[in-house]
Amino acid sequence: MNTETQQLFEPFSFKKGIRIKNRIVMAPMTTWASNEDYTVSEDEINHYEARSGNVGLVITGCTRILANGIGFTNEYAAYDDFFLPGLKKLAAAAKKGGAPAILQIYHAGNKAVSDLIPDGIPVSASAVALSPSALYAGGIVSRELTNEEILEMIRAFGETTRRAIEAGFDGIELHGAHGFLSQNFFSPYYNQRNDHWGGTAEKRMNFALEVIKEVKDVITKYADRPFLIGFRISPEEPESYRIRDTFPLIDKLIDSGIDYLHVSLADLLHQKPAGEENGDATILSLILDHVYNRIPVISAGGIKQGDDAVKAINMGLSLVAVGHGLIINPDWVERVENGEKVDEVLSLSKADELAVPKKLQAFIKVATGFFKVVD
């Protein structure tokens, strides 16, 4: 083993007793790879089998808890027992190398794909137009969820958690980042309600906390083994909140009994808070200082080479998540362990050999800004 990266390959244990063999996590990544009926495809199975062999933990790409929560084309689904056979295959593929596997679950909220949902109108905390961004044209006004619909949504998170247990996963991750539904509720910009689900900063946290409570109840009822709950956050939102506004939410999430916090960043090593004069303080360092070892913290964002991952661990991160690096290099872990440099450019001519799903290959060809590629 390369001594420079040795700390990456130390085991780690969660409080519930789940032990992983190293500090490297396969980050949750959308692959646009489902079958046309949204069941898990063989391409997706092959993708996970090729990459999960030597990581410590696998977190799958997101899957929706209701039919109207779809955020990506060809996103595999988990909102009905019909999808259980495929979820079982996915869990087995993700765990084939011995790593525990986490199913990331979510509802896309105001970023749902209009062409793929009933009546074409996304639902969200409030009827607020989506702001334009690099990925979204913006302008679509969501329909505000009723109180009964919110309660149904919470129950659906629980039902999908039950399916994750039955499928053989070792936990679920609640996707509360990237402007999806859970973040819609936390956002003072997208949540204009004045009821139990909004109106104050504290009430804007209620949706996430009620989902966690429901999920915990389901785990208590159905799980016959240790089963993790993670929560993923975007620590800032361009339209509204900033890093320090996230600290109270982090405290509430920790108090709620989640097993880890997953911080989503574009560049975890260097990304600094918006609109602050904090010297060299990065978003991740501020979060780690605030968490103060109360809970394991995972982060993803811009990890390419092994020394990037080492720097992240040396910052105090519990586990480091690798995304694009694993798409480009299915053997990323082995190469880092051997002290080798990994490729940072995806060779599309070798995409089949690298077990990159064909639908993901098509997406990459169109949206090459997400990957460095060569033809």
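As recorded by an unreviewed UniProt entry, the protein carries the name NADH-dependent flavin oxidoreductase and is attributed to Chryseobacterium luquanense.

Moving on, we come to helix α11 (residues 358-366). Every buried residue of α11 is listed here: Leu 360, Gln 361 and Ile 364. Taken end-on, α11 shows its buried residues confined to a sector of 105 degrees, consistent with a single buried face. Every exposed residue of α11 that faces more than 90 degrees away from the buried side is listed here: Lys 358, Lys 365 and Val 366.

Next up on the list: the nonpolar core. By size, the foremost hydrophobic cluster in this structure holds 115 residues, and its most contacted members are Leu 174, Phe 207 and Trp 332. What Phe 207 contacts, discounting residues up to four positions off in sequence, is Ile 150, Met 153, Ile 154, Phe 157, Leu 181, Ser 182, Phe 185 and Trp 197. Residues Phe 14, Ile 18, Ile 20 and Leu 228 belong to the second largest nonpolar core, which totals 15 residues.

The residue Met 315 is located in the loop between α8 (306-314) and β13 (319-322) in this model. For Met 315, a relative accessible area of 29% puts it in the partly exposed group. Through-space distance from the C-alpha of Met 315 to that of Leu 8 is 13 Å; in sequence the pair is 307 residues apart. Among residues more than four places away in sequence, those in contact with Met 315 are Leu 268, Leu 269, Thr 282, Leu 284, Ser 285 and Leu 288.

The subject of this paragraph is the pairing of strand β12 (residues 297-300). Alternating residues of β12 divide into Val 297 and Ser 299 and Ile 298 and Ala 300, and every residue in both groups is buried. Bridge count for strand β11 (residues 260-264) against β12 is four bridges, and the pairing is parallel. From the neighbouring strand, His 262 faces β12, where its bridge partner is Ile 298. With three bridges joining them, β12 and β13 adopt parallel strand pairing. By the bridge assignment for β13, Ile 298 is matched with Leu 319. Each parallel crossover has a hand, and for β12 linked through α8 to β13 it is right-handed.

What counts as what
Residues numbered from 1 in each chain as written. Predicted model: local features only at pLDDT ≥ 70, side-chain atom pairs only at ≥ 80, totals over all residues. Heavy atoms only, no water. Buried < 20%, exposed > 50% of the residue type's maximum accessible area, 1.4 Å probe, protein only. Helix = DSSP H or I, 4+ residues; strand = E, 2+ residues; numbered from the N terminus. Arc of directions from axis to C-beta. Core = buried A, V, L, I, M, F, W, Y, C linked by side-chain atoms within 4.5 Å. Contact = heavy atoms within 4.5 Å. Pairing = 2+ DSSP bridges. Right-handed = clockwise from strand over helix to strand, strands pointing away.

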